Amino acid sequence: MSDVRPGRLKVYLGAAPGVGKTYRMLDEGRRRAGRGADVVVGFAECHGRPHTEAMLDGLETVARAPCSYRGGRFEEMDLAAVLDRRPQVAIVDEFAHSNIPGDGRNPKRWQDIEALLDAGVDVITALNIQHLESLNDVVEKITGVPQHETVPDEVVRRAWQIELVDMPPEGLRRRMAHGNVYAPEKIDAALANYFRPGNLTALRQLALLWTADRVDEALQEYRTQHGIGRVWETRERVVVALTGGPEGDTLVRRAARIADRSAGGDLLAVHVARSDGLAAGVSHASLARQRRLVEDLGGSYHSVVGDDVATALVEFARAENATQLVLGTSRRGRLTRFLTGPGTGETVTELSGDIDVHRVTHERAGRGTLLPSRRRTLSTGRLIAGPVAGLVLPVLLTALLAQLRGTLNLTSEALLFLLAVVGVACIGGVTSAVIASVTASLLLNYWFIPPIGAFTLDDPNALVALTVFAVVAATVAAVVDRSLRLSRRSARATAEAETMSSLAGSIVRGEATIPALLERTRETFGMESADLVDEPPDAAAAVTAVPAGPGAYLTLHGRTLSSSERRVLAAFAAHVGSAVERARLAEAAAEVEPVKAADRLRTALLRAVGHDLRTPLAAGWAAVTSLRSRDVTFTDEDREELLSTADESMAKLNRLVENLLDLSRLEAGALTLNLRATSLEEVLPLALADVPDVEVADLEDIPAVLADPPLLERVIANLVGNAARHTPPGRKVLVTASALAGRVELRVVDRGPGLPADGRDRLFEPFQRLGDTDNTTGLGLGLALARGLTEAMSGTLSPEDTPGGGLTMVVSLPFAALPVGAEPTEESVHRA
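What counts and how
Residues numbered from 1 in each chain as written. Predicted model: local features only at pLDDT ≥ 70, side-chain atom pairs only at ≥ 80, totals over all residues. Heavy atoms only, no water. Helix = DSSP H or I, 4+ residues; strand = E, 2+ residues; numbered from the N terminus. Buried < 20%, exposed > 50% of the residue type's maximum accessible area, 1.4 Å probe, protein only. Contact = heavy atoms within 4.5 Å. Areas by Shrake-Rupley, 256 points an atom, 1.4 Å probe, with all protein chains shown as cover. Salt bridge = Lys/Arg side-chain N within 4 Å of Asp/Glu carboxyl O. Pairing = 2+ DSSP bridges. Axes fitted to C-alpha atoms, helices over the stretch in contact; angles between N-to-C directions. pLDDT = per-residue confidence, 0-100. Patch = residues over 30% accessible without salt bridge, like charges linked within 9 Å, V, L, I, M, F, W, Y side chains within 5 Å. Lys, Arg positive; Asp, Glu negative; His and termini not counted. Charge placed at Lys NZ, Arg CZ, Asp CG, Glu CD. Polar contact = N/O pair within 3.5 Å; in protein donor to acceptor, adjacent residues only side chain to side chain. Expected span 1.5 Å × (residues − 1). Core = buried A, V, L, I, M, F, W, Y, C linked by side-chain atoms within 4.5 Å. Phe/Tyr/Trp six-rings, centres within 6.5 Å; stacked < 30°, edge-to-face > 60°. Lys NZ or Arg CZ within 6 Å of the ring centre and 35° of its normal. Parallel < 35°, antiparallel > 145°, perpendicular 65-115°, else oblique. Left-handed = near helix turned anticlockwise from the far one by under 90°. Nonpolar A, V, L, I, M, F, W, Y, C, P; charged D, E, K, R; others polar.

(A) Inspection of the overall build of the chain at higher detail. Across its full length, the chain carries 23 helices and 23 strands. Classification of the 832 residues of the chain by burial places 44% in the buried group. Partitioning the contacts of the chain with sequence separation of at least 6, the portion at a separation of at least 24 is 71%. Surface accessibility of the chain: about 41300 Å² in total, with carbon and sulfur atoms responsible for 55%.

Here it is in structure tokens:
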């Protein structure tokens, strides 16, 4: 096992290109080198910016590795050279960059960086917010530009440090206007599209909020490591307590309004499942509805287990560093509160400390509880009050009956003492009832059974009555105590079932990943952390470990769990073990899938070739054979028709073979490209020559694209031919184009039946003929080849629904003003 210390990663995070991430990264490298650290530049992209290039002076730079791909020449970071050099610190720009395939390179630059970290090299890198996987779709909605290069959030979150490089939108736009970011010919287009003030403001907010979340995670980790329980009001966090009652919707909305008063406020809803029965009878339908409401309002829902609701609520709020706690006023009436003492709200207020508590009134306040009584089990107070009542209550009853001596007979007096014993049993259980029974028997004998004032019995009937009294009192006390114990068991089973139901609901909603299950386990049991390990930990009072499948153990760090909680934990561990097994099976299936795909491709090819290549070959062969026959004399018209049939068949056969060869070259990466400025007006006439009834929109103002003309012609011809096959008679295929955000989008529109929802995933697979009604329409290579050729030219091909019915294929290619291999200004966010 290697003893190399893993390297530490520092990420400079920016909201947009041009904020100065590369400059700051190189500046830190120079400062570290000045302090004596061994610093090398593995890869830095300066984009011709003089100020940034000047920061490279004095820093050792590892030469880039040249590589070729599809006829183009490129340069990538030489990972092997950096690993051989083994510096203390490596500067590697463009964290989200996709490496050129081939020569054993990793697909992504961030994987190269992880290899450096594993080798013990500290790495400094840069990243824009739009390349985070979780924000990819959000950025596309804001800017209208899809981001094709992303980094998993978890990879970035593991960084030792994340430093935000911030700049106001006005300052960035001024920097661009002065020519400090892009070349002069690109400035106007950039300012009018991607770098609009609204776009930059939204991206800046995304960067600030994401960084704030990362800082908050680091703060929580620090508080946990140092055992800090006091609330640090670094940001507003509002916890709302839910019981499943009808007031829940009101509480959630009120808590959401409180959280919205400050930017970045968090809303957390929590439900406490108790083993003593408080949660018994809760409406799961109401809880499910309230959970959906919380999530609709942007909050999160949590379920925890606790023996005492007030304590569990406060502990959860402190663990989440909550600043405010919202709960409803008591539904119990005044008489109930007087008899049973303070409720959950009062107790939470006493325990809250520096957490603000909001007690919200609602229509159910004071109208009676919908849940079982809070005094349903033997609390500490009742354990003390029971024996005291067993001694005091018979004495008080004796004093009262002594004043009424002569009014009641012995039977009535005994029944009153029996009633007192039953009351004591309800308060303190069987032990208190026995104390009350013995006390009542002695007092009844001494004060009310002749001879009065002595513990002797002269009448046998009195002895029988006293014995029956003692037996009945003890029996009643035992029955009451047993009833309470059964009630506790039933309530505990209900709480456990509710917890497991909540877990099952999380799994059904898709929260079955291993990290999600571990986090839910930690929250449910109120622990400091939950981990999955390969070996059981050493015995420790603060660590609970249960098996979670073969070679896996679920460990919880924190308080010691009770036996009932351990039973529930075993069920959680079983679900975690199942998730581990599913992950292993998914990994094995992923390894087998390429082999299965290749086998399906070969099978489809054999089936398609068996018919589609044989059909034109047979037709041409028949025509040539007829012409060579000496038994039949053909007219000039017949001869011309046979020659035309042979020519068409051979042409069709040639096209099929060319498509097969081109597809194989694409898959092998051996297709040669000749990219140059190409106008659509140049390639459309040839592409549409064989397809009648095509309507072409005005393309005069459409700029030239960077493409290989013959390949672009093949793409358009395949798309138009496919659209013509699905367009009903009397309707024309429409070809139109538009320019946006540094790219030209060519649309081929048909008015056919459209594409079913389940067909989009298979649309670009080879040998698929979705919607065709016969086997005479070709090999099904057209769309697969069109997408492959488009992507080879740094473009994209995607389907859209045609308004009113039909399918629109959209080809997106970069402007020809950009150099070969470069991305358009708005998409080159990883190069800033």
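Text resumes after the structure shown.
(B) Up close: the pattern of salt bridges. Scanning the entire structure with this criterion turns up 22 salt bridges. Of the charged contacts in the structure, one is a salt bridge between E295 and R291, with a shortest N-O distance of 3.2 Å. Taken as a pair, E295 and R291 lie in helix 11 (residues 284–296) at a separation of four residues, close to a single helical turn. On the basis of relative accessible area, E295 is assigned to the partly exposed category, the value being 36%. The residue R747 makes a salt bridge to E800 at a minimum N-O spacing of 3.6 Å. Taken together, the residues span a long stretch of sequence, with R747 in strand 21 (residues 743–749) and E800 in strand 22 (residues 796–801) at a distance of 53 residues. For R747, a relative accessible area of 22% gives the class partly exposed. Looking at E800, the relative accessible area reads 32%, which means it is partly exposed. Overlapping salt bridges bring together K10, R24, E28, R32 and E163 as one network.

(C) Region of interest: the sheet that holds strand 18 (residues 694–696). With mixed pairing, five strands are arranged side by side in an open sheet as 18-20-21-23-22. In the strand order of this sheet, the two ends are held by strand 18 and strand 22, each with one partner. Across the sheet, the axes of successive neighbouring strands diverge by a mean angle of 25 degrees, strand direction being ignored.

(D) Quick look at the sheet that holds strand 6 (residues 89–92). Pairing in this open sheet of six strands is parallel, and the strands run 3-2-6-7-1-8 from one edge to the other. At either margin of the open sheet sits one strand with a lone partner, and together these are strand 3 (60–61) and strand 8 (161–165). Note that strand 1 (residues 9–14) and strand 7 (residues 122–128) share six bridges and pair parallel. Within strand 7, the position partnered with G14 by the bridge is N128. The strands touched by helix 1 (residues 21–34) within the sheet are strand 1, strand 2 (39–43), strand 6, strand 7 and strand 8, with strand 7 carrying the most contacts at an inclination of about 165 degrees.

(E) The side chain of R32, seen in detail. Structurally, R32 can be placed in helix 1. On the basis of relative accessible area, R32 is assigned to the buried category, the value being 14%. Filtering out sequence-adjacent residues up to four positions away, R32 remains in contact with A37, V39, V89, D122, I124 and W160.

(F) Seen up close, the side chain of S432. Looking at where S432 falls in the secondary structure, it is placed in helix 16 (residues 410–448). The buried category is assigned to S432, whose relative accessible area is 2%. Setting aside anything within four residues of it in sequence, one finds S432 in contact with G386, P387, G390 and V424.

(G) View of the confidence of the model for the chain. This prediction gives the chain a mean pLDDT of 77; 78% of its residues lie at or above 70. Between the elements of the chain, mean pLDDT differs from a low of 58, seen in helix 13 (residues 334–340), to a high of 95, seen in strand 6. For residues 366–376, every residue scores under 50 in pLDDT, and the model assigns this stretch 33 contacts once sequence neighbours within four places are set aside. Under a pLDDT of 50 for its full length, residues 769–780 has, in the predicted model, 30 contacts with residues more than four places off or in other chains.

(H) Seen up close, a positive patch on the surface. On the surface, R253, R254, R257 and R261 cluster together to form a positively charged patch. Inspection of the secondary structure puts R254 in helix 10 (residues 248–260).

(I) View of the environment of T349. For T349, the position within the fold is in helix 14 (residues 344–351). T349 sits 35 residues away from V314 along the chain, and the two C-alpha atoms are 9.2 Å apart. In this structure the side chain of T349 is engaged in a polar contact, spanning 2.9 Å, whose partner is the backbone oxygen of G345.

(J) Looking closely at a nonpolar patch on the surface. Residues I384, V388, L391, V392, L393 and L396 make up a contiguous nonpolar surface patch of about 520 Å² in total accessible area. Look at V392 and you get partly exposed, because its relative accessible area is 39%.

(K) Representation of helix 22 (residues 709–726). Between its first and last C-alpha, helix 22 extends 26 Å over 18 residues, near the 26 Å set by a 1.5 Å rise per residue. Inspection of helix 22 places P709, L711, L712, V715, I716, N718, L719, V720, G721, N722, A723 and H726 among the buried residues, and these make up the whole buried set.

(L) Examining the nonpolar core more closely. Core analysis: the biggest nonpolar cluster contains 61 residues, and F95, L127, I129 and F195 have the highest contact counts within it. Counting residues per element, this core draws most heavily on helix 9 (residues 197–225), at five residues. Among the nonpolar cores identified, the runner-up in size contains 38 residues, and L763, A792, M809 and V811 belong to it.

(M) Here's a closer look at the packing of aromatic side chains. Using the criterion set out here, one finds three aromatic pairs in the structure. Residue placement shows R8 over the ring face of W160; its charged tip is 3.9 Å from the ring centre.

(N) Unusual backbone geometry, seen in detail. Despite not being glycine, R86 has its phi angle at roughly 50 degrees, a positive value. In this fold, R86 is placed in the loop between helix 3 (79–85) and strand 6. Under the relative-accessibility criterion, R86 is labelled partly exposed at 44%. With a phi close to 65 degrees, S794 is a non-glycine residue in the positive phi region. The residue S794 is located in the loop between helix 23 (782–792) and strand 22 in this model. Looking at S794, the relative accessible area reads 37%, which means it is partly exposed.

(O) Up close: the packing of helix 7 (residues 169–177) against helix 9. For the pair helix 7 and helix 9, interaxial distance at closest approach is 9 Å and the crossing angle is 125 degrees. In terms of orientation, helix 7 and helix 9 fall into the oblique class. Between helix 7 and helix 9 lies a crossing of right-handed hand. Contacts between helix 7 and helix 9 pair P169, L172 and R173 from the former with P197, L200, T201 and R204 from the latter. Across the contact of helix 7 with helix 9, the residue classes tally to four nonpolar, one polar and two charged.

(P) Fine view of the packing of helix 10 against helix 11. At their nearest, the axes of helix 10 and helix 11 sit 10 Å apart, and the two run at 15 degrees to each other. When the axes of helix 10 and helix 11 are compared, the pair comes out roughly parallel. Taken as a pair, helix 10 and helix 11 cross one another with a handedness that is right-handed. Contacts from G248, D249, V252 and R253 in helix 10 reach R289, Q290, L293 and V294 in helix 11. Classifying every residue of the contact of helix 10 with helix 11 by side-chain character gives three nonpolar, two polar and three charged.

(Q) Representation of the environment of A183 in the model. Turning to its location among the elements, A183 is positioned in the loop between helix 7 and helix 8 (184–192). Once the C-alpha coordinates of A183 and G48 are considered, the two residues, 135 residues apart in sequence, prove to be 8.8 Å apart.

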